[in-house]
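Here are the chains, one letter per residue:
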Amino acid sequence: MKIQRINAFFRKFGEFQLRHRVVFLVAICLVTVFCVAGLPRLSLSSNEEDWFDNTEQTKIDSDHFKDLFGADDSVMVLVQADDVFAPDVLEAIGRISRRLENEVPYAKSVMSLSDLSLPFGNEEGFEIINPFEDGVPDDPAELAQKKDFILSRESIRNNLVSDDGRETWIILSLESYQMSLDEAMKEITPPAMKIIEEESSPDGKYTLKPTGMSYTEYEEEVVTMHELKLRVGIGFVVMLLCLVLFVRSLRGVIVPTIATSGAIGSVLGLNGWLGITGDSNMVMLPILLSMALSVGYAIHYINSFRLHFRKTGKRKESVINSMEESGWPIFFTMVTTFAGLISFMFASIRPLRWVGGASSACVFAVYVYVIIFIPIFMSFGKDKDVPDAETGTVSKNGATRADLAFEKFGAGIVKSSKLVAVISIAVIIGMIPGIFMTRVNMDYTEMMGRKIPYIARLLDIMEAKIGSQYSYNVLIEFDEEDALKSSDVMNRIDVLADKLGTLNMTRISGDKPRVTSVTKIIKEMNRTLNEDDESYYVIPDDDDMVTQIMFLYEISGGDELFDWVSDDYSTAYIHIEMNGYDAEKVVEDLDNATAYGKEIFPDAKTSIVGDVVNYAMMNGKIVRGELKSFIGSFIIILLLMAIAFASLHTGLIAMIPNLAPVLMIGGVMGYTHMSLDMITMTVMPMILGIAVDDTIHFTNHIKYFYEKGLGYKDAVLASYREIGKTMGMTTVILCSIFLILAFSPMACIGRLGWLSIIGLGSALVADYTLTPVLVYLTKPFGKDGKATVNAENK
């Protein structure tokens, strides 16, 4: 594919564009107004439910669990004090419990020290009592007696309250809600926050640390939206500063700013019109990427325009010459960046598919706005006389001193081409071991980081004696009704619970695994019916006795039974709390839990549900998604390069420097123990799509000058002179934009920023060194001396 022919096409397009510039401006303004009008309809979500499609087994199992047992959601408050049984602390717990139950929407029931349902033996057999139903007793001896009774209950000690009496939970269970979590959390969390804020102890006698799915999801959205507004606002300022610094003209600042705003507003507004929900955690990426690329495209064109304007002094002619010279490289860089980002569509993760679609759409929109607005507005104005070629900073070729300095730098690179190639290969090889050290980890708290206040609180909760953040459920389903009214089944549930308690990540409080099921009620009742003898804290051997205990508990006012079993007694579940999140150990635990379930219950269906299952599934999705995205983008870009340069050989040569930044990112992640998560997995395919831009510009210019009759060395040096400075400018701008992310308190966003800077910086170094060296050494366009004859024949 001859570069001169392609450039001739873009020259004709530039001429057509100037002849009809008013029509172009009116058309794009009308499209912009329509699209931007959809912005009020735009919906953003950070809901983890969006990670899976409705057809995936994980989503099916999760929905089935909710159908049986209601929303897997609650508002939980960890209360810590020197003694949670102190009268003023107990009164506060009772007050908070009542307010949560009465004031929080979808409140189902509350469990706390003030709202217990415990079996208690009496002369008639037993009764279900709440030790503090009549309030906190004034008599210290009576209070101590109640404390001892509560701490003697196996099902309560180190579950609801710590054995040292310093920690306890207030747990508000929620009814099922038909709306999405995003909608529900906005109703549930604000009143809960208000209660916790108002009930906090002014004198520090106790502390309240809230958690729960809807509660923390709401806090996450508040944080991410604040970060979005802050980072985008700073990004806009940085974009303006970069334009002022590198363009240094009012027109060169205003026009790209309008183009950027129009492109971002149009894409997001179109999402609103189409009813597409975006991801609030990742929406910064397409916005900031649009800013960076818009300025980059603008500077490539504006610098080319200025070069020609210094030569000719004629505006319209310079606009057309710039379109001829830069139109194809800018278009092709847009296509390759688009391809790199659209590769996220290969990932089976909804938020990634959205960010891939939105980012690629933004790249295309930015290109359209830049290529329409900037040439047209640059064409307005007066021509000027060409300055003396031998004075000032302008050379006889229209190049500045900076351009000539890059040409001199290029001469040094070409002279040391073999040494440059050896050093480049050594650096690349050095990064490979680090790639294999990279591990996938979807630890939510690690992704967000302790700098986020609510994450610091969650980590404090996890470090508490009875605290936890991660959990999962093992669901056990029989085909027959009343299957659970069996001593054998209940004993097997207990056996499975014991095995689950031995797993690596199961939380231990005191000396007891945090594994809970319906058997706690059966065993507590059996103990109560046998004079509170601890040796009877077991499942009865008789089926009728198990059935009778369930019946007695139910008619005596116990309200927990159907939190653990289905109405027809065919299904139960075991709840397992975890001591943290380690991706490899969690996957191992879940595999073992699945195996244990099948082994112990061959006559029932067992499945595992919960947030941890989602995270574990995401580990596999991230690995597969990363491979699919990277391989997909690599193949697409390679094919595009091969088509553009009419040679697979040239395409492969051009791709080699673009593997360097990808390998550098992977190596840095491995050597610094930086986890691969849903955010950082976007870096490699994205950087591959962006990094190839400068390679295209450089290789395209070398081929262009080669076709004009220059030998490889002179073509390389001319390319350094023509676009060396511009390549540096665009990379500085991109790094400046990503530097905004690097200082985010959200750890995953900060890592995204630093990794992008490392990737872009190494890509620029590779394009300044490895790209020209490979072209010079391999001579992919033909032999030296042939191009002059070809050019003259034309």
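Residues numbered from 1 in each chain as written. Predicted model: local features only at pLDDT ≥ 70, side-chain atom pairs only at ≥ 80, totals over all residues. Heavy atoms only, no water.

**Observations regarding the overall build of the protein chain**
Here's step 1: Each helix and strand in the protein chain was counted, giving 26 helices and 14 strands.
Here's step 2: Principal axes of the C-alpha set define a box for the protein chain whose edges measure 115 × 45 × 45 Å.
Here's step 3: Here the protein chain holds 794 residues, and the buried ones make up 59% of them.
Here's step 4: A separation threshold of at least 6 residues defines the contact pool for the protein chain, and within that pool the share at least 24 residues apart is 80%. (Helix = DSSP H or I, 4+ residues; strand = E, 2+ residues; numbered from the N terminus. Buried < 20%, exposed > 50% of the residue type's maximum accessible area, 1.4 Å probe, protein only. Contact = heavy atoms within 4.5 Å.)

**Points about the confidence of the model for the protein chain**
Here's step 1: Per-residue confidence for the protein chain gives a mean pLDDT of 87; residues scoring 70 or more make up 95%.
Here's step 2: This stretch, residues 389-396, has a pLDDT under 50; its non-local contacts, to residues over four places away or in other chains, come to eleven contacts.
Here's step 3: Counting interchain partners and residues more than four positions distant, the pLDDT-below-50 stretch residues 786-794 has eleven contacts. (pLDDT = per-residue confidence, 0-100.)

**Here's the deal with the sheet that holds strand β14 (residues 605-609)**
Here's step 1: Pairing is antiparallel in the open sheet, where four strands are placed in the order β12-β13-β9-β14. The strands lining the two open edges of the sheet, one partner per strand, are β12 (515-516) and β14.
Here's step 2: Contacting β9 (471-477), β12 and β13 (571-577), helix α16 (residues 487-500) crosses the sheet at an angle of about 20° to β13. (Pairing = 2+ DSSP bridges. Axes fitted to C-alpha atoms, helices over the stretch in contact; angles between N-to-C directions.)

**Points about the sheet that holds strand β3 (residues 107-111)**
Here's step 1: Pairing is antiparallel across the open sheet formed by four strands, whose spatial order is β3-β6-β2-β7. Two strands in the sheet have a free side with no partner beyond their single neighbour: β3 and β7 (206-211). Taken over all neighbouring pairs, the strand axes of this sheet differ in orientation by 20° on average, direction set aside.
Here's step 2: Two elements, β3 and strand β6 (residues 167-174), share four bridges in a ladder whose sense is antiparallel.

**Thoughts on a nonpolar patch on the surface**
Here's step 1: A contiguous nonpolar surface patch, about 540 Å² in accessible area, is contributed by V623, L627, I631, I635, L639 and I643.
Here's step 2: In this structure, I643 sits in helix α21 (residues 611-644). (Patch = residues over 30% accessible without salt bridge, like charges linked within 9 Å, V, L, I, M, F, W, Y side chains within 5 Å. Areas by Shrake-Rupley, 256 points an atom, 1.4 Å probe, with all protein chains shown as cover. Salt bridge = Lys/Arg side-chain N within 4 Å of Asp/Glu carboxyl O.)

**Things to note about unusual backbone geometry**
Here's step 1: Within the chain, D482 stands out as a residue other than glycine whose phi angle is a positive 65°.
Here's step 2: Structurally, the position occupied by D482 is in the loop between β9 and α16.
Here's step 3: The class for D482 is partly exposed, based on a relative accessible area of 38%.
Here's step 4: One non-glycine residue, K779, adopts positive backbone phi at about 50°.
Here's step 5: Mapped onto the elements, K779 comes out in the loop between α25 (747-778) and α26 (786-793).
Here's step 6: Looking at K779, the relative accessible area reads 31%, which means it is partly exposed.

**Here we look at the nonpolar core**
Here's step 1: With 247 residues, the main nonpolar core has I150, Y472, L500, I574 and M686 as its most contacted residues.
Here's step 2: Per element, the largest residue contribution to this core is 17 residues, and it comes from helix α11 (residues 350-379).
Here's step 3: When neighbours within four sequence positions are excluded, M686 is seen to be in contact with L285, L289, L341, F344, F738, L752 and S756. (Core = buried A, V, L, I, M, F, W, Y, C linked by side-chain atoms within 4.5 Å.)

**What to know about the packing of helix α10 (residues 315-342) against helix α23 (residues 683-707)**
Here's step 1: In the contact formed by α10 and α23, the axes pass within 8 Å of each other and the chain directions differ by 160°. As far as their axial angle goes, α23 and α10 are roughly antiparallel. The element α10 and its partner α23 pack so that their crossing is right-handed. Every residue of α23 that contacts α10 at E325, W328, P329, I330, F332, T333, T336, T337, G340 and L341 is listed here: P685, M686, G689, I690, V692, D693, I696, H697, N700 and H701.
Here's step 2: Partitioning the contact of α10 with α23 into residue classes produces ten nonpolar, eight polar and two charged. (Parallel < 35°, antiparallel > 145°, perpendicular 65-115°, else oblique. Left-handed = near helix turned anticlockwise from the far one by under 90°. Nonpolar A, V, L, I, M, F, W, Y, C, P; charged D, E, K, R; others polar.)

**Quick notes on the packing of helix α17 (residues 519-529) against helix α18 (residues 543-555)**
Here's step 1: At their nearest, the axes of α17 and α18 sit 10 Å apart, and the two run at 90° to each other. Here α17 is positioned roughly perpendicular relative to α18, judged by the angle of their axes. Contacts between α17 and α18 involve I521, I522, M525, N526 and L529 from the first element and M545, I549, M550, L552 and Y553 from the second.
Here's step 2: Of the residues assigned to the contact of α17 with α18, the class counts are nine nonpolar, one polar and no charged.

**Considering the side chain of S74**
Here's step 1: Residue placement: S74 occurs in strand β2 (residues 74-81).
Here's step 2: Given a relative accessible area of 15%, S74 falls into the buried group.
Here's step 3: Every residue in contact with S74, bar those within four places of it in the chain, is listed here: I171, L172, S173, L174, T211, G212 and M213.

**Quick notes on helix α6 (residues 181-199)**
Here's step 1: Taking 1.5 Å as the rise per residue, α6 with 19 residues should run 27 Å; its terminal C-alpha atoms sit 26 Å apart, in good agreement.
Here's step 2: Along α6, the sharpest change in direction is near 25° and occurs at T189; proline P190 comes one to four residues later.
Here's step 3: When α6 is considered as a whole, its buried residues turn out to be L181, D182, A184, M185, I188, T189, A192, I195, I196 and E199.
Here's step 4: Of the surrounding secondary structure, the elements contacted by the buried residues of α6 are β1 (43-45), β2, α4 (87-103), β6, β7 and α7 (213-246). (Expected span 1.5 Å × (residues − 1). Bend = angle between axes of the 7 residues up to and from the residue.)

**What to know about the packing of aromatic side chains**
Here's step 1: Summed over all chains, the structure comprises 31 aromatic pairs.
Here's step 2: Ring geometry for F406 versus Y768: centroids 5.6 Å apart, planes at 40°, classification tilted. Of this pair, F406 sits in helix α12 (residues 401-415) while Y768 sits in helix α25, placing them 362 residues apart in sequence.
Here's step 3: Residue Y768 is classed as buried on the basis of its relative accessible area, which comes to 11%. (Phe/Tyr/Trp six-rings, centres within 6.5 Å; stacked < 30°, edge-to-face > 60°.)

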